[in-house]
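Summary of the model geometry
The lines below spell out each chain.
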Amino acid sequence: MNNSDIISKTITFVKDKLNNAEGGHDWFHIERVYKNALLIANNEICELTVVKLGALLHDIADSKFHDGDETVGPKVARTFLETQNVDQSIIDHVIKIIENISFKGGNVERNFTSIELDIVQDADRLDAIGAIGIARTFNYGGFKNRSLYDPKIAPNTRMTKEEYKNNDSPTLNHFYEKLLLLKDKMNTQAGIKIAQERHRYMEGFLSQFYAEWDGEK
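Residues numbered from 1 in each chain as written. Predicted model: local features only at pLDDT ≥ 70, side-chain atom pairs only at ≥ 80, totals over all residues. Heavy atoms only, no water.

This paragraph deals with the nonpolar core. Leu57, Leu81, Val94 and Phe175 are the most contacted members of the largest nonpolar core, which has 53 residues in total. Elements represented by at least two residues in this core include exactly helix 1 (3–17), helix 2 (27–41), helix 3 (48–57), helix 4 (72–83), helix 5 (88–100), helix 6 (115–126) and helix 10 (189–213). With 7 residues, the single largest contributor to this core is helix 2. The contact partners of valine 94, leaving out residues within four places of it in the chain, are Val50, Leu53, Gly54, Leu57 and Leu81. (Core = buried A, V, L, I, M, F, W, Y, C linked by side-chain atoms within 4.5 Å. Buried < 20%, exposed > 50% of the residue type's maximum accessible area, 1.4 Å probe, protein only. Helix = DSSP H or I, 4+ residues; strand = E, 2+ residues; numbered from the N terminus. Contact = heavy atoms within 4.5 Å.)

Quick look at the structure:
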């Protein structure tokens, strides 16, 4: 099977698998990350097939929707790729990307490094910030029935991985616990440049939010 065929079959598989997914982690999220990854990859020397498959399969079974089990996604991805007779070295690399891509509170070191992981991670993080990042954050907050904001509950930016996974603080706290931290955690020059603009947009949103909350505008 050639590369274009496996990418096409992977797209079909992911669309079907995420057919009823939460709005911030559905096929359209995958599609945006895929496009971001291709954009960033244009500026890097990389194995493009690994980047494409990593982007398409990175959220095939997000642990947030599987009782925190981080093994489901890699298992689902590996089983699918093996049924497509993908080269084992490519499968192993894609699985490493899936296992190491997530934020996990920002205080956890990756145990694998590659330019392909850098690209897919940046692409995923770009979809967590800016206008779409804001929309996804409040969509997930509504999905979990969290309050928008509570001035009495301060953000916690030093959470452990477990604390981050079990965190149920108001949605606005997520900006300080993750979104505003991502600009300085990007891996690639293209990712950094795009993240800076999206970061400024979020700062403007927060300024407007607080002004409206306090009845100043």
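Here helix 7 (residues 130–143) spans 20 Å end to end across 14 residues, near enough to the 20 Å set by a 1.5 Å rise per residue. Considered for burial, the residues of helix 7 that qualify are Gly130, Gly133, Ile134, Arg136, Thr137, Tyr140 and Gly141. Angularly, the buried residues of helix 7 cover 165° about the axis, an arc narrow enough to put them on a single face. Buried residues along helix 7 sit in contact with helix 2, helix 9 (173–177) and helix 10. Note on helix 7: the residue one or two positions beyond its end, asparagine 145, has a positive phi of about 55°. (Expected span 1.5 Å × (residues − 1). Arc of directions from axis to C-beta.)

As a further point, take the side chain of threonine 188. Within the fold, threonine 188 resides in the loop between helix 9 and helix 10. Residue threonine 188 is classed as buried on the basis of its relative accessible area, which comes to 2%. Those residues in contact with threonine 188 that sit more than four places away from it in its chain are Ile40, Glu44, Asp118, Ile119 and Asp122.

Moving on: the side chain of arginine 125. Position of arginine 125 relative to the elements: it lies in helix 6. In this structure the side chain of arginine 125 is engaged in a polar contact, spanning 3.0 Å, whose partner is the backbone oxygen of lysine 185. (Polar contact = N/O pair within 3.5 Å; in protein donor to acceptor, adjacent residues only side chain to side chain.)

This paragraph deals with unusual backbone geometry. Backbone geometry at asparagine 85 places phi at a positive 60°, although glycine is not the residue there. Summarising the element assignment, asparagine 85 is placed in the loop between helix 4 and helix 5. The backbone of asparagine 145 shows a phi angle near 55°, a positive value even though the residue is not glycine. For asparagine 145, the position within the fold is in the loop between helix 7 and helix 8 (161–165). With relative accessibility at 72%, the residue asparagine 145 sits in the exposed group.

On to the packing of aromatic side chains, then. Taken as a whole, this structure holds 11 aromatic pairs when the rule is applied. Centroid distance tyrosine 149 to tyrosine 210: 5.6 Å. Interplanar angle 65°. Geometry classified as edge-to-face. Here tyrosine 210 lies in helix 10 and tyrosine 149 lies in the loop between helix 7 and helix 8, a separation of 61 residues in the sequence. One aromatic cluster in this structure is built from Phe138, Tyr149, Phe175, Phe205, Phe209, Tyr210 and Trp213. (Phe/Tyr/Trp six-rings, centres within 6.5 Å; stacked < 30°, edge-to-face > 60°.)

Along an α-helix, residues three or four apart share an orientation, since each turn contains 3.6 residues. In this model helix 2 runs 21 Å from its N-terminal to its C-terminal C-alpha over 15 residues, within 8% of the 21 Å that 1.5 Å per residue would give. Those residues of helix 2 that are buried are in contact with helix 1, helix 3, helix 6, helix 7 and helix 10.

Another aspect to go through is the pattern of salt bridges. One pass over the full model with this rule turns up 6 salt bridges. Residue aspartate 92 is joined to arginine 78 by a salt bridge in which the shortest nitrogen-to-oxygen separation is 3.1 Å. Of this pair, aspartate 92 sits in helix 5 while arginine 78 sits in helix 4, and the two are 14 residues apart along the sequence. Given a relative accessible area of 27%, arginine 78 falls into the partly exposed group. (Salt bridge = Lys/Arg side-chain N within 4 Å of Asp/Glu carboxyl O.)

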